[in-house]
Number of protein chains: 2
Amino acid sequence: MISEKMKNIMQSGSAIRAMFEEGKKLAEIYGKENVFDFSLGNPSVPAPKAVNEAISSVTANTDELRLHGYMLNSGFESTRQAIADSLNKKYGAGFGYKNIIMTVGAAGGLNVALKSIVNEGDEVIVFAPYFGEYNNYISNVGGKIIVIPPAPPHFLPDLDAMEKAIGKKTKAVIINSPNNPTGVVYGENTLEKLGNILKKQSIKKGEAIYLISDEPYRELVYDGAKAPFLTKYYSNVIIGYSYSKSLSLPGERIGYLAIPDEAEDSENLLSACSVATRILGFVNAPSLQQLVIEKCVDTATDVSVYDENRRLLYGALTELGFECIKPQGAFYLFVKSPIAEEEFIAAAKRHNILVVGGKSFACEGYVRIAYCVSYDMIKKSLSAFKKLAEETLSKK
Amino acid sequence: MISEKMKNIMQSGSAIRAMFEEGKKLAEIYGKENVFDFSLGNPSVPAPKAVNEAISSVTANTDELRLHGYMLNSGFESTRQAIADSLNKKYGAGFGYKNIIMTVGAAGGLNVALKSIVNEGDEVIVFAPYFGEYNNYISNVGGKIIVIPPAPPHFLPDLDAMEKAIGKKTKAVIINSPNNPTGVVYGENTLEKLGNILKKQSIKKGEAIYLISDEPYRELVYDGAKAPFLTKYYSNVIIGYSYSKSLSLPGERIGYLAIPDEAEDSENLLSACSVATRILGFVNAPSLQQLVIEKCVDTATDVSVYDENRRLLYGALTELGFECIKPQGAFYLFVKSPIAEEEFIAAAKRHNILVVGGKSFACEGYVRIAYCVSYDMIKKSLSAFKKLAEETLSKK
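Residues numbered from 1 in each chain as written. Chains lettered and ligands numbered in written order. Predicted model: local features only at pLDDT ≥ 70, side-chain atom pairs only at ≥ 80, totals over all residues. Heavy atoms only, no water.

**Overview of the pattern of salt bridges**
Put simply, the test is: A pair is scored as a salt bridge if a Lys or Arg side-chain nitrogen falls within 4 Å of a carboxyl oxygen belonging to Asp or Glu. Numbering goes from the N terminus for both helices and strands, where a helix is a DSSP run of H or I of at least four residues and a strand is a run of E of at least two. Only protein chains enter the accessibility calculation, which uses a 1.4 Å probe; a residue is then buried when its area is under 20% of its type maximum, exposed when over 50%, and partly exposed in between.
Applying the stated rule across the entire model yields 36 salt bridges over all chains. Two residues, B:E219 and B:K90, come together in a salt bridge whose shortest N-O distance is 3.8 Å. Of this pair, B:E219 sits in the loop between β6 (210-214) and β7 (237-242) while B:K90 sits in helix α5 (residues 77-91); the two residues are 129 residues apart in sequence, bridging distant segments of the chain. Given the relative accessible area of 44%, B:K90 is considered partly exposed. Three or more residues joined by partner-sharing salt bridges are found here, namely A:K90, A:E215, A:R218 and A:E219.

**Notes on the pairing of strand β2 (residues 100-103) of chain A**
All names here are of chain A. Condition: DSSP-based pairing: two strands are paired if at least 2 bridges between them are found.
Burial along β2 is two-sided: the face carrying I100 and M102 and the face carrying I101 and T103 are both buried. Here β2 pairs with strand β8 (residues 255-258) via four bridges, running antiparallel. Looking at β8, one finds that M102 is bridged to Y256.

**Notes on the nonpolar core**
Filter applied, for reference: Here, nonpolar core refers to any group of buried Ala, Val, Leu, Ile, Met, Phe, Trp, Tyr and Cys residues whose side-chain atoms link them within 4.5 Å. In this description, contact between two residues means that some pair of their heavy atoms is separated by no more than 4.5 Å.
Within the largest apolar cluster, 126 residues are counted, with the highest numbers of intra-cluster contacts made by A:M162, A:Y243, B:M162 and B:Y243. For A:M162, the contacting residues outside a window of four places in its chain are A:I125, A:F127, A:I148, A:V173, A:L194, A:I197 and A:L198. Counting 80 residues, the second-largest nonpolar core is a separate cluster that includes A:V104, A:I174, A:A263 and B:A272.

**Things to note about the packing of α5(B) against helix α12 (residues 287-296) of chain B**
All names here are of chain B. To keep things clear, this is the line we draw: Comment: axis = line fitted to C-alpha atoms, over the contacting stretch for helices; angle = value between 0 and 180 degrees taken between N-to-C directions. Left-handed describes a crossing whose near helix is turned anticlockwise from the far helix through less than a right angle; right-handed describes the clockwise counterpart. All amino acids are sorted into three groups, where Ala, Val, Leu, Ile, Met, Phe, Trp, Tyr, Cys and Pro are nonpolar, Asp, Glu, Lys and Arg are charged, and the leftover types, Gly among them, are polar.
Between α5 and α12, whose axes approach to 9 Å, the crossing angle comes to 35 degrees. Every pair of crossing elements has a handedness; the one defined by α5 and α12 is left-handed. Within the contact between the two elements, α5 uses S78, T79, A82 and I83 and α12 uses Q290, L291, I293 and E294. Its residues placed into classes, the contact of α5 with α12 shows four nonpolar, three polar and one charged.

**Quick word on the relation of the copies chain B and chain A**
Here the two chain copies are tied together by a rotation about an axis and a shift along that axis. Which entries qualify depends on this criterion: The copies are overlaid by a least-squares fit using only the C-alpha atoms of residues whose pLDDT is at least 70 in both copies.
Screw-axis analysis of chain B against chain A gives a translation of 0.0 Å along the axis, an RMSD of 0.0 Å, and a rotation angle of 180 degrees. This pairing of chains is accounted for by a two-fold axis. The rotation axis passes nearest to the C-alpha of B:S56 in chain B, at a distance of 3.3 Å. Mapped onto chain A, 100% of the interface residues of chain B are again interface residues, and the two copies thus contact each other with one and the same surface.

**Considering the side chain of B:S381**
Within the fold, B:S381 resides in helix α15 (residues 375-392). For B:S381, the contacting residues outside a window of four places in its chain are B:F36 and B:F38.

**Focus on the packing of aromatic side chains**
Each aromatic ring pair is specified by the distance between its two centres and by the angle formed by the two planes. What counts here: Ring pairs are drawn from Phe, Tyr and Trp, using the six-membered ring of Trp, whenever the two centres fall within 6.5 Å, and their geometry is named by plane angle: stacked under 30 degrees, edge-to-face over 60, tilted for the rest. The rule for a charge over a ring is simple: NZ of Lys or CZ of Arg within 6 Å of the ring centre, and within 35 degrees of the ring normal.
All told, the structure shown has 35 aromatic pairs over all chains when counted by the stated rule. With a centroid separation of 6.1 Å and an interplanar angle of 5 degrees, the aromatic rings of B:Y130 and B:Y134 are classed as stacked. When its relative accessible area of 2% is taken as the criterion, B:Y134 is described as buried. Look at B:F331 and B:Y332: their rings are 5.1 Å apart centre to centre, the planes differ by 75 degrees, and that puts the pair in the edge-to-face class. Overall, the relative accessible area of 0% leaves B:F331 in the buried class. Taken together, the ring pairs connect A:F155, A:F334, A:F361 and A:Y366 into an aromatic cluster. The lysine or arginine in question, A:R66, covers the ring of A:F76, its NZ or CZ lying 4.6 Å from the ring centre.

**Concerning the environment of B:N99**
All names here are of chain B. Where we set the bar: The term polar contact refers here to a pair of N or O atoms within 3.5 Å; inside protein, the definition further demands a hydrogen-donor-capable atom paired with an acceptor-capable atom, and it admits residues adjacent in sequence only when both atoms are side-chain atoms.
With respect to the helices and strands, N99 occurs in the loop between α5 and β2 (100-103). When its relative accessible area of 3% is taken as the criterion, N99 is described as buried. A C-alpha to C-alpha distance of 5.5 Å links N99 and A258, two positions 159 residues apart in sequence. Beyond its immediate chain neighbours, meaning those up to four positions away, N99 contacts G94, L257, A258, I259, P260, D261 and L270. Looking at N99, its side chain comes within polar contact range of the main-chain nitrogen of G96, at 2.8 Å.

Below is the structure:
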């Protein structure tokens, strides 16, 4: 007797669950060490030592009622100030604590942002390939998702198509750079053009079109790439951040929203996000982890492990003949399927390689390979990839 | 440019925010020690020592990637099993780990439960006085709240009125015992009658009417009272629990949903709740706190402090002539306003006493006094209450 909406979501979600079950089955037959599971974006690098040290010191030195107690729904002011200071130092963001709302991860933050601005029937634009959960987040608040088709092989957002898709009902655009699943990082030119179009269209519409930026991979960049900070290019910005990837804390559900003073209706919007945090049932981001983040706000992310994985796997797969854009960020390769996507996934599975189809990201004909795994597993997997290449590339 | 729904919620929520501001102003003028703030349900008893000990040992002894990593959306199986075992021991619940879904507090749990079962336009019945956030939780999923009027002076649920209110669109009934704001604990007779009506009406409707039980105060009971465990009286039950009050962890956002095998469509419903946890943006309950709960699942709640507060304040207020049901649970007194509610709140404020009006709980003519404060503050407040009594009781 579950709700109709949930029934549909559960049916469409079953493909990934089926793969998860498949993986367990394969592990039972062949041994866990012989199954190459590239399906999940779960960090393989442990949290920096500073995190557990902060847990100890915060627990030992904080008044009990503050440590585990309620605070404002938007979070501890001291934590928000520490984050603002850090962003100001890194990006000249010009934030005060009031510009920061602590959230239950980036997923919580995106739901809070959408709840705050989207009316029933409002449209939210996304660029394929995109994180499939956006469908649910937008549907949660009665919004309508508008998907801009993918632009291979570079996979930058098709801004002309976006401009054409903007209409009276357009409330927001979501971007995600460094990108899951492509690993592409949007550069200055892209963001400048994006900002200019949104400025123009907001004026035309007579009210702000918000740019929601989903940035859990902000620090996971390679080859000296930088993910530019958005407020420089557009002011109606809602930045969603998470420490899931940068500090390897995905299970702790800790992140924030940042909204600049320059955003239209900024003060009201920040209040709305604080209220949305409460009424959606989050109430506030976990208190202990907020205080931990306050201490670890400038702890550097160790990207070297992912970078080594990236070089090894990207190098090997392209040498085998697979086509793939070289990722500059995040920890995914988005590889073109040499045959029909489902057949390719099935063939990979026969070699004990588990990957996620591009279909899950609204971009059929590709597979996502998450290389946030052990270096050893990647090395061991290469002979399996070689066989997969021999089997599938000849059929192109 | 925030959404219309949020605008309305923010306007209606401003009464409590105004009081919060008022309290800060009063503290500045008279000194914090001379302001008697009874407005918030924030535990004044620190978390038991076992909690911080568990934080240390879990942090020191758990594999890093498990400690802070993703797990199933429904939570660690080991934590869920520990909770199931504890409920089985206490109540003979007959649960396995599969019957438990870890949630971001009870507020998160209620949103997950409602998302899983409520279709657009479905009705959810609540009994006044009730926690005002239910309005938002039900509205979040497009449901319609049906309020059963309060039944003073005993404030037990009016089950005959409930039966009359049940119709084709009724999807669920929410109860909250021990109750916020009355402190009333529903006894066996009440629950038996409630269960029987819902059984009968479910058969009539041809599908389950779910009973959602919001139980964050389950262990906060006095005078040997017991909050009976619901599964004995009805099988289509979704129990929402939180460690916010029992272990004084409101900021940590940790709780669970429990659904018995006997509930209609139980397996699907549990899956739906797990999926709802993901898509609403919680993803999972905070990982470290899950492991802490696993260790503290049988840690006793110290209710003696609240009980002393209750005796002192209930005794003093009734002696002064105020009317109030003696609370058997939670940490609130629900006092009848001798004059118009708003005037009474204003008069209390003039004596630096801050309370919340019954209007916020859909029960005008009362005020809620949260006695989860220091014993000393209550003692100091009594002379102010005396003046308030002299001023207002004569006007009755």
